[in-house]
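# Breakdown of the fold
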Amino acid sequence: MTPPITSIGLLDPDQVKSVLGAAVLAPSTRNTQPWRFRCTTAGIELHADPDRALPVADADQRELLLSCGAALFNLRTAIHALGAHPATTLLPRRDNPTLLAVVRPFAARKPDRRLVRLADAIPRRHTNRAPFEVAVIPDTVVAELRHAAEAEQAWLPRLDANQLNRLRDLVHKSHHAQVTDPAFLAEWRQWTARPRDSRDGIPDGMPSDDSDWISGDFGSPRRGLADDSDPLVVVVGSFEDKQADRIRAGQAMQRVLLTATAAGFDASFVSQPVEVPAVRAELRTLLGGGLWPQVVLRLGHGTPASWTPRRSLDDVLLEPDRLSA
Ligand SMILES: Cc1cc2nc3c(=O)[nH]c(=O)nc-3n(C[C@H](O)[C@H](O)[C@H](O)COP(=O)(O)O)c2cc1C
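These figures come from a predicted structure and were not determined experimentally.

About the cut-offs
Residues numbered from 1 in each chain as written. Predicted model: local features only at pLDDT ≥ 70, side-chain atom pairs only at ≥ 80, totals over all residues. Heavy atoms only, no water. Phe/Tyr/Trp six-rings, centres within 6.5 Å; stacked < 30°, edge-to-face > 60°. Helix = DSSP H or I, 4+ residues; strand = E, 2+ residues; numbered from the N terminus. Buried < 20%, exposed > 50% of the residue type's maximum accessible area, 1.4 Å probe, protein only. Lys NZ or Arg CZ within 6 Å of the ring centre and 35° of its normal. Pairing = 2+ DSSP bridges. Axes fitted to C-alpha atoms, helices over the stretch in contact; angles between N-to-C directions. pLDDT = per-residue confidence, 0-100. Contact = heavy atoms within 4.5 Å. Parallel < 35°, antiparallel > 145°, perpendicular 65-115°, else oblique. Left-handed = near helix turned anticlockwise from the far one by under 90°. Core = buried A, V, L, I, M, F, W, Y, C linked by side-chain atoms within 4.5 Å. Domains from an automatic or database assignment. Near = heavy atom within 4 Å. Polar contact = N/O pair within 3.5 Å; in protein donor to acceptor, adjacent residues only side chain to side chain. Nonpolar A, V, L, I, M, F, W, Y, C, P; charged D, E, K, R; others polar.

It is worth spelling out the packing of aromatic side chains at this point. This structure, assessed with the given rule, holds two aromatic pairs. Residues Trp155 and Phe239 carry aromatic rings whose centres are separated by 4.5 Å and whose planes lie at 50 degrees to one another, so their mutual orientation is tilted. You can see Trp155 sitting in the loop between helix 4 (139-151) and helix 5 (161-179) and its partner Phe239 sitting in the loop between strand 5 (232-238) and helix 8 (243-262), a full 84 residues away along the chain. A residue is classified by how much of its surface remains accessible, and Trp155, at 31% relative accessible area, is partly exposed. Ring centres of Phe184 and Trp188 lie 6.1 Å apart, and the angle between their planes is 20 degrees; this geometry places the pair in the stacked category. Residue Phe184 and its partner Trp188 are both found in helix 6 (residues 182-192); the two are separated by four residues, about one turn of the helix. When sorted by exposure, Phe184 lands in the same class as Trp188, which is buried. Over the ring of Trp292 we find Arg284, and its NZ or CZ is 3.8 Å from the ring centre.

Take a look at the structure:
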């Protein structure tokens, strides 16, 4: 049974439901949806769900925090589009590390049309793992993407041709490390070969990885991609790598993804090099040593992607008394 949803601040119960519905459309590693929400008179709480962590691929729960950060960005943006200011506090309680944020929609605000455009893009964004057509992404869009990351206190270095070649090596190396690890493979299968009616993970039969990238075909002469027409590859990076930095990076990632969707571009994730710690350290060096790489994204145009299921609000809402305030 869904706990009863009441008004919170300026939002009536239907609006609370609709902003939570937007939050759960966020991308998450292996579609684990590692979040829970709790509605209180003080605001909407976002909690991490450690039972949905990936102990092998994501031992320090970095990707779990990125996924929750993406849900937080959707929540904030949907609240903003309804005309309320989403006053947000990250990690409000030291004694409750799974309480990641509280959002308080109490003050009215005239919606900023750029954020309303991102809110409109929330249901249209899907991870697209298809090969991307050769298409140059205009500099204006690249600038918008960079601004999206910076607005959320992260950075978005774009990789040049040399760095792309090195990154391809790192993808191979990390992919090899993962697929030769039986524990990794068992965890991968657990989340990516779900029954077709499953509401989480990636249902059996759906593509669950970026195989062109892994096979190394990306950008190779065989596919006829010239250096100046490669799909855009960007890295969301942070200057620190603590819990709050990772939540912020997840918000930045989602702002970048929605900005791409709104501009008509698709995106997919290239996570192997950030999931293997030793390779992540090499990627950090490749980026100049000043940034912590959090997520690698490939952007371009692909054939339309299918929709991945989500759990219902019943499954993600905490009773007001199930956790201490
Ligand atoms: C931190 C993070 C890492 C991800 N890594 C991968 C990946 O390595 N390969 C992949 O195909 N998809 C990856 N994804 C995409 C998820 O599988 C996808 O978000 C999820 O299945 C939900 O689908 P949707 O994005 O279409 O809503 C990642 C997503 C997040 C947030």
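To continue, consider the sheet that holds strand 6 (residues 266-269). Pairing is antiparallel across the open sheet formed by three strands, whose spatial order is 5-7-6. Of all strands in the sheet, those bounded by a partner on one side alone are strand 5 and strand 6. The mean inter-strand angle of the sheet, taken between neighbouring strand axes irrespective of direction, is 30 degrees. In the sheet, strand 5 pairs with strand 7 (residues 292-300) via seven bridges, with the strands oriented antiparallel. The partner of Ser238 across the bridge, within strand 7, is Trp292.

For the chain, mean pLDDT is 90; residues scoring 70 or higher make up 90% of the total. In this model, residues 211-229 is a region of pLDDT below 50 whose contacts with residues beyond four sequence positions or in other chains number 40 contacts.

With that out of the way, let us pick up the packing of helix 4 against helix 8. Their axes nearest at 8 Å, the elements helix 4 and helix 8 cross at an angle of 155 degrees. The angle between helix 4 and helix 8 falls in the class roughly antiparallel. Here helix 4 runs over helix 8; the crossing is right-handed. Contacts between helix 4 and helix 8 involve Glu144, Leu145, Ala148, Ala149 and Ala151 from the former and Ala252, Arg255, Val256, Thr259 and Ala260 from the latter.

This paragraph deals with the nonpolar core. Formed by 64 residues in total, the largest nonpolar core has its most connected members in Leu20, Trp35, Phe37, Ile44 and Val236. Top contributing element to this core by residue count: helix 2 (residues 62-81), with 11 residues. Shared between two domains, this core holds at least three residues of each, these being domain 1 (13-123 + 311-316) and domain 2 (139-300). Non-local contacts of Phe37, meaning those with residues more than four positions away in its chain, are made with Leu20, Ala23, Val24, Ile44, Glu45, Leu46, Ala71, Val316, Leu317 and Leu318. The next biggest cluster of nonpolar side chains, apart from the first, holds 15 residues, and it includes Leu170, Val235, Val270 and Val296.

In the vicinity of the ligand lie 20 residues, with Arg125, Thr127, Arg129, Ser271 and Arg310 positioned nearest. A distance of 2.5 Å is found between an oxygen atom of the ligand and a side-chain nitrogen or oxygen belonging to Thr127. Within the side chain of Ser271, an N or O atom sits 2.7 Å from a nitrogen atom of the ligand. Here the shell around the ligand takes three residues from helix 2, the largest share from any one element. Partitioned by chemical class, the residues of the shell around the ligand number five nonpolar, nine polar and six charged. Taken together, domain 1 (13-123 + 311-316) and domain 2 (139-300) each give at least three residues to the shell around the ligand, which thus spans both.

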